Amino acid sequence: MRLDKYLSIAGMGSRKDVKKIIRQKRVKINGAVSVDDDVHIDPYTDEIRVDDQILEVVLDVYIMLNKPQGVVSATSDELHKTVLECIEYTLPPGCFPVGRLDIDTEGLLLITNDGELSHRLLSPKRKVDKVYYVECRDIIDEKTVDILQSGVDIDDETLTLPAQVELLSEISMNLTIREGRYHQVKRMLSACGNQVTYLKRIKMGPLSLDDDLALGSWRFLSETEVEQLKKG
Ligand code: URA
């Protein structure tokens, strides 16, 4: 990793700020002063000091974002703002959103650079529960609840796995699904002759969306949350 990027991730300021710090000869790599901002360092093994203080940098990142509408679940996009651009903090390399929420879906999105954890959360074999708050155009009738709970034909090779429905009003519910098919919730409701008008993910495995997190805001996961995710 470039030295200036590492210093930014460590919270030493923007790229411009850290270049200045480097030019002022305040940075040492393994005991030797560096005046070179594009020198590459190994963030795991090199000792980096600023003003003789060793930098402690978090390299494994676990972030909960309350995704707003209008933002895409991608690492780069030519047209739209991405979920990574919602994080106004210099992320270490290799961060990505765990799974996709549609551009008009809100709510819980995990951003990490832990590929193993992401793989486990998304693996169809593990059947991790995802809970969505869903609002519909029409009344969610008994027949719809039955179909959702027994498996829906959404024109895939197989029916969807049985979902759980917790009705909240005539037109809203919490829906728990255990797969992550493309546009799954919207397609499930369409197949029942209804239409999703608002969709928000509120839970993924053991991780719940923090009620205190305003739309578009983010925070690092606590150690307990990370442990629970890794165990789950
Ligand atoms: N199901 C959908 O239809 N859209 C999402 O964004 C997530 C689940």
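Residues numbered from 1 in each chain as written. Predicted model: local features only at pLDDT ≥ 70, side-chain atom pairs only at ≥ 80, totals over all residues. Heavy atoms only, no water.

**As for the overall build of the chain**
Stated precisely, the cut-off is as follows: The helix and strand labels rest on DSSP assignments: H or I over at least four residues marks a helix, E over at least two residues marks a strand, and numbering proceeds from the N terminus. Relative accessibility decides the category of a residue: with a 1.4 Å probe and only protein chains considered, values under 20% of the type maximum give buried, values over 50% give exposed, and everything between is partly exposed. Working rule for contacts: check all heavy atoms of both residues, and any pair within 4.5 Å makes them a contact. Residue-level accessible areas treat just the shown protein chains as cover; the underlying method is Shrake-Rupley with a 1.4 Å probe. Within this scheme the basic residues Lys and Arg register as positive and the acidic residues Asp and Glu register as negative, but His and the chain ends are omitted. Charge positions are represented by NZ for Lys, CZ for Arg, CG for Asp and CD for Glu.
Counting secondary structure elements, the chain contains 6 helices and 15 strands. Each principal axis of the C-alpha distribution contributes one length, and for the chain these read about 70 × 35 × 30 Å. Relative to its 232 residues, the chain shows a buried fraction of 45%. Within the chain, residue pairs in contact and separated by at least 24 positions form 62% of the contacts whose partners lie at least 6 positions apart. Total accessible area on the chain stands at roughly 12,600 Å², and carbon and sulfur atoms take up 47% of it. With 31 positive and 40 negative side-chain charges, the chain shows a separation of 4 Å between the mean positions of the two kinds.

**Structural notes on the pairing of strand β12 (residues 172-177)**
Applied cut-off: Note on pairing: two strands pair once DSSP finds at least 2 bridges between them.
Summarising burial for β12: 6 of the 6 residues are buried, a large majority. Sheet topology note: the strand β10 (residues 130-136)/β12 ladder contains 6 bridges and is antiparallel. Of the residues in β12, the one forming a bridge with Y132 is L175. Here 4 bridges tie strand β11 (residues 164-167) to β12, and the two strands are oriented antiparallel to one another. When the bridges of β12 are listed, Q164 appears paired with T176.

**With respect to the nonpolar core**
As a reminder of what qualifies: Buried Ala, Val, Leu, Ile, Met, Phe, Trp, Tyr and Cys residues form a nonpolar core when they are joined through side-chain atoms within 4.5 Å.
Grouped together as the largest cluster of nonpolar side chains are 33 residues, with contacts concentrated most on V134, L148, M173, L175 and V185. Looking at this core, the elements with two or more residues in it are β5 (62-67), β9 (106-112), β10, α4 (142-150), β12, α5 (184-191) and β13 (196-204). Every residue in contact with V134, bar those within four places of it in the chain, is listed here: I171, S172, M173, L175, V185, V196, Y198 and L199. Counting 16 residues, the second-largest nonpolar core is a separate cluster that includes L3, I29, I48 and V50.

**Points about the packing of aromatic side chains**
Given two aromatic rings, their pairing is described by the distance between the two centres and the angle made by the two planes. Stated formally: Each Phe, Tyr or Trp ring, with Trp reduced to its six-membered ring, pairs with another whose centre is within 6.5 Å; inter-plane angles below 30 degrees give stacked pairs, above 60 give edge-to-face pairs, and intermediate values give tilted ones.
Applying the stated rule across the entire model yields 4 aromatic pairs. Each ring, one from Y89 and one from F220, has its centre 5.2 Å from the other, and the planes form 85°; the classification is edge-to-face. Separated by 131 residues along the polypeptide, Y89 in the loop between β7 (81-82) and β8 (96-97) and F220 in strand β15 (residues 218-220) bring together distant segments of the chain. Classification of F220 as partly exposed rests on a relative accessible area of 37%. Taking 5.9 Å as the distance between ring centres and 65° as the angle between the ring planes, the aromatic pair formed by Y133 and Y198 counts as edge-to-face.

**Details of the domain arrangement of the chain**
Inclusion rule: What marks off one domain from the next here is an automatic or database domain assignment.
Splitting the chain by domain gives domain 1 (3-54), domain 2 (62-123 + 207-231) and domain 3 (130-204). For domain 1 versus domain 3, the separation of C-alpha centres amounts to 50 Å.

**Quick notes on the sheet that holds strand β3 (residues 48-50)**
The strand order across the open sheet formed by 4 strands is β2-β1-β3-β4, and the pairing between neighbours is antiparallel. Each edge of the sheet is formed by a strand with only one pairing partner; in this case those strands are β2 (32-33) and β4 (53-54). Here strand β1 (residues 27-29) runs beside β2; their pairing, made up of 2 bridges, is antiparallel. Following the sheet pairing, I29 is matched in β2 by A32.

**Considering helix α2 (residues 15-23)**
Operational definition: By definition, the arc is the one covered by directions from the helix axis to the C-beta atoms.
Among the residues of α2, those classed as buried are V18, I21 and I22. Buried residues of α2, seen end-on, are gathered within an arc of 100° and therefore sit on one face of the element. Facing away from the buried surface of α2 by more than 90 degrees, the exposed residues are K16, K20 and R23. Looking at the buried side of α2, the elements it contacts are α1 (3-9), β1 and β3.

**Side note on empty space enclosed by the protein**
Operational definition: With a 1 Å grid spanning the protein atoms alone, the term cavity applies to any set of points in which a 1.4 Å probe fits but cannot get out, the term pocket to an open set with protein on both sides within 12 Å along at least five of seven lines, and the term lining residue to any residue with an atom within 4 Å of a point. Grid points are joined across faces, edges and corners, and a volume is the space filled by probe spheres set on the points. Under the scheme applied here, ten amino acids are nonpolar (Ala, Val, Leu, Ile, Met, Phe, Trp, Tyr, Cys and Pro), four are charged (Asp, Glu, Lys and Arg), and all others, including Gly, are polar.
Considering all chains together, one arrives at 1 cavity of 30 Å³ or more under this definition. Volume-wise, the largest cavity comes out at about 40 Å³. In terms of lining, the largest cavity is formed by R120, L121, R126, V128, P206, L229 and G232. Residues of the lining of the largest cavity, tallied by class, amount to 4 nonpolar, 1 polar and 2 charged.

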